[in-house]
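Summary of structural features
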Amino acid sequence: MRPPAPRQQNKQILQIDGIPAEQLTTDETATLLRGPAGSLVDLTLAPRSPGAPPLALTLERRPLPQPPIVDTRLPLPDGRAVSYVRLHYFDSAATRRLRELVSQGEADDVAGFVLDLRNNAGGVFEEAVAMASLFLPPPADIAETVRGGSPQVIDAVWRAGALSPEIFPEASRGEILSLRPAAVLVNASSASASEVFAGALHDNRRAVLIGERTFGKGLVQYFFPIGDDGGGLKLTVSKYLTPSRYDISLQGGLPPDVACRDYPHGVFTPGDTDRCTAAALQFVDAASRAANDRGGAAPPPGLAPGPQWRPLFASTGAPPEDGS
């Protein structure tokens, strides 16, 4: 068994398993670093001092528990603050925490919310529905599940204000907590419950989507274990549709309203946030100013582009492809 590697700080990675890091994208780097628990990865780090040889390390991959939510307050130029919420996955603890953050944001009169779902692969569908209800007035549609071909059979329609307390013990039960401007950050790894949540806020014109097209997994699946070797049967029984009946799986994910590609830096000092977070702050700032000019915090109809799924503008400033 290898001894534990010495702790290193502020070291530049030169190679991962013999592959030069300079040839890798951010996504490729993350893919190479990740792996099954207990597996090994070889790293070559920059030398400690000029003239010294590179440092070779072999690390054992281990699970890294992370909280469902990480949050902070991001400043705007006029001194107001925006509540930034990085949501790693959907579960009951995340619903409780988001409710607390939304309530605290209302009490502190924040300008709005940035909800970061980048790299969020999903979680519990019902919790995504419960979280969406924190931002939607009754009887706004959140999602529906359908099955079959043509015609489709509607299994259930989920609406704010009609959530069962038995199924949603931590839900707001339709009590809307915030109508302040919101932006949702998504990327190609935002999947499943993330897409349900993002689609619900988007189609109800409660938030704009900023980032990349999402993964495109809108399926309701059950796993049935078979044998003792970890195998089993995964059965698709239905699929999710957004409130505008947008088929997440069939149409290959949700396209963003504002195109942007960057990764969460975890740096929130002014001027050092990633490009997508900066774009979200710009939107919330402008939207909240417009709301204040009207004498209220509620966003006007059409603040977000809604169910037509047409981009507002590209991150480059170029117009949409259809010239609109």
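Right above here is the structure, for reference.
Each value, and the rule that gives it
Residues numbered from 1 in each chain as written. Predicted model: local features only at pLDDT ≥ 70, side-chain atom pairs only at ≥ 80, totals over all residues. Heavy atoms only, no water. Helix = DSSP H or I, 4+ residues; strand = E, 2+ residues; numbered from the N terminus. Contact = heavy atoms within 4.5 Å. Expected span 1.5 Å × (residues − 1). Buried < 20%, exposed > 50% of the residue type's maximum accessible area, 1.4 Å probe, protein only. Polar contact = N/O pair within 3.5 Å; in protein donor to acceptor, adjacent residues only side chain to side chain. Axes fitted to C-alpha atoms, helices over the stretch in contact; angles between N-to-C directions. Parallel < 35°, antiparallel > 145°, perpendicular 65-115°, else oblique. Nonpolar A, V, L, I, M, F, W, Y, C, P; charged D, E, K, R; others polar. Pairing = 2+ DSSP bridges. Patch = residues over 30% accessible without salt bridge, like charges linked within 9 Å, V, L, I, M, F, W, Y side chains within 5 Å. Areas by Shrake-Rupley, 256 points an atom, 1.4 Å probe, with all protein chains shown as cover. Salt bridge = Lys/Arg side-chain N within 4 Å of Asp/Glu carboxyl O. Phe/Tyr/Trp six-rings, centres within 6.5 Å; stacked < 30°, edge-to-face > 60°.

**What about the environment of Ile16?**
Mapped onto the elements of the fold, Ile16 is located in strand S1 (residues 13-16). Once the C-alpha coordinates of Ile16 and Asp42 are considered, the two residues, 26 residues apart in sequence, prove to be 5.9 Å apart. The contacts of Ile16, once residues within four sequence positions are left out, are Leu24, Thr29, Leu32, Leu33, Val41, Asp42 and Leu43.

**A few points about helix H5 (residues 275-293)**
Over its 19 residues, H5 runs 27 Å from end to end, which matches the ideal 27 Å to within 8%, given 1.5 Å per residue. All buried positions along H5 are accounted for by Cys276, Thr277, Ala279, Ala280, Leu281, Phe283, Val284, Asp285, Ala287, Ser288 and Ala291. Structurally, H5 contributes buried residues whose contacts are with strand S5 (69-75), strand S6 (81-87), strand S7 (113-116), strand S10 (182-186) and strand S11 (207-211). Sitting at the amino-terminal end of H5 is Asp274, which places a side-chain oxygen 3.1 Å from the backbone nitrogen of Cys276.

**So, the packing of helix H2 (residues 92-107) against helix H3 (residues 125-132)**
Where H2 contacts H3, the axes come no closer than 9 Å and their chain directions differ by 10°. Judged by the inter-axis angle, H2 sits roughly parallel to H3. Every residue of H3 that contacts H2 at Ser92, Ala94, Thr95 and Leu98 is listed here: Glu127, Ala130 and Met131. Here the contact of H2 with H3 is built from residues that sort into four nonpolar, two polar and one charged.

**Section: the sheet that holds S5**
Reading across from one edge, S5-S6-S7-S10-S11-S14 is the order of the six strands in this open sheet, with mixed pairing throughout. Of all strands in the sheet, those bounded by a partner on one side alone are S5 and strand S14 (258-259). Examined bridge by bridge, S10 and S11 share five bridges and lie parallel to one another. Bridge pairing in S11 places Leu185 opposite Ile210. Of the strands in this sheet, S5, S6, S7, S10 and S11 are in contact with H5, which crosses S10 at around 165°.

**Quick look at the sheet that holds strand S2 (residues 19-20)**
With antiparallel pairing, the four strands of this open sheet are ordered in space as S2-S1-S3-S4. In the strand order of this sheet, the two ends are held by S2 and strand S4 (55-60), each with one partner. Here six bridges tie strand S3 (residues 40-45) to S4, and the two strands are oriented antiparallel to one another. Bridge pairing in S4 places Thr44 opposite Ala56.

**Focus: a nonpolar patch on the surface**
A grouping of Tyr222, Phe224, Ile226, Leu233, Leu235 and Val237 is seen on the molecular surface, where their side chains present a nonpolar patch of about 540 Å² in accessible area. Mapped onto the nonpolar patch, the elements with two or more residues apiece are strand S12 (219-225) and strand S13 (232-241). Among the secondary structure elements, Val237 is positioned in strand S13.

**Quick look at the environment of Val157**
Relative to the helices and strands, Val157 is located in strand S9 (residues 153-159). The partly exposed category is assigned to Val157, whose relative accessible area is 33%. Counting along the chain gives 14 residues from Val157 to Ala143, while the straight-line C-alpha distance between them is 6.1 Å.

**Details of the packing of aromatic side chains**
As enumerated under the stated definition, the model contains five aromatic pairs in all. Arranged with centres 6.5 Å apart and planes meeting at 85°, the rings of Phe135 and Phe197 form a pair that is edge-to-face. One end of the pair, Phe135, is in the loop between H3 and strand S8 (141-147); the other, Phe197, is in helix H4 (residues 193-203), with 62 residues separating them in the sequence. Across the pair, exposure class does not vary: Phe135 and Phe197 are buried alike. Taken together through their ring pairs, the aromatic side chains of Phe90, Phe113, Phe135 and Phe197 make up a single cluster.

**Some details on the environment of Pro225**
Residue position: Pro225 is located in strand S12. By relative accessible area, Pro225 is classed as exposed at 65%. Among all residues touching Pro225, those that are not within four sequence positions of it are Gly231 and Gly232.

**Some thoughts on unusual backbone geometry**
Here the bond from Pro138 into Pro139 is cis, since omega is 0°, no more than 30 degrees from zero. The backbone phi angle of Asn119 is positive, close to 65°, even though this residue is not glycine. Of note, Asn119 is situated in the loop between S7 and H3.

**Here we look at the side chain of Ser39**
Along the chain, the position of Ser39 falls in the loop between helix H1 (26-33) and S3. Within the local environment of Ser39, its side chain forms a polar contact with the backbone oxygen of Pro36, the two atoms lying 2.6 Å apart. Sequence-distant contacts of Ser39, that is, excluding residues within four places in its chain, are made with Leu59, Glu60 and Arg61.

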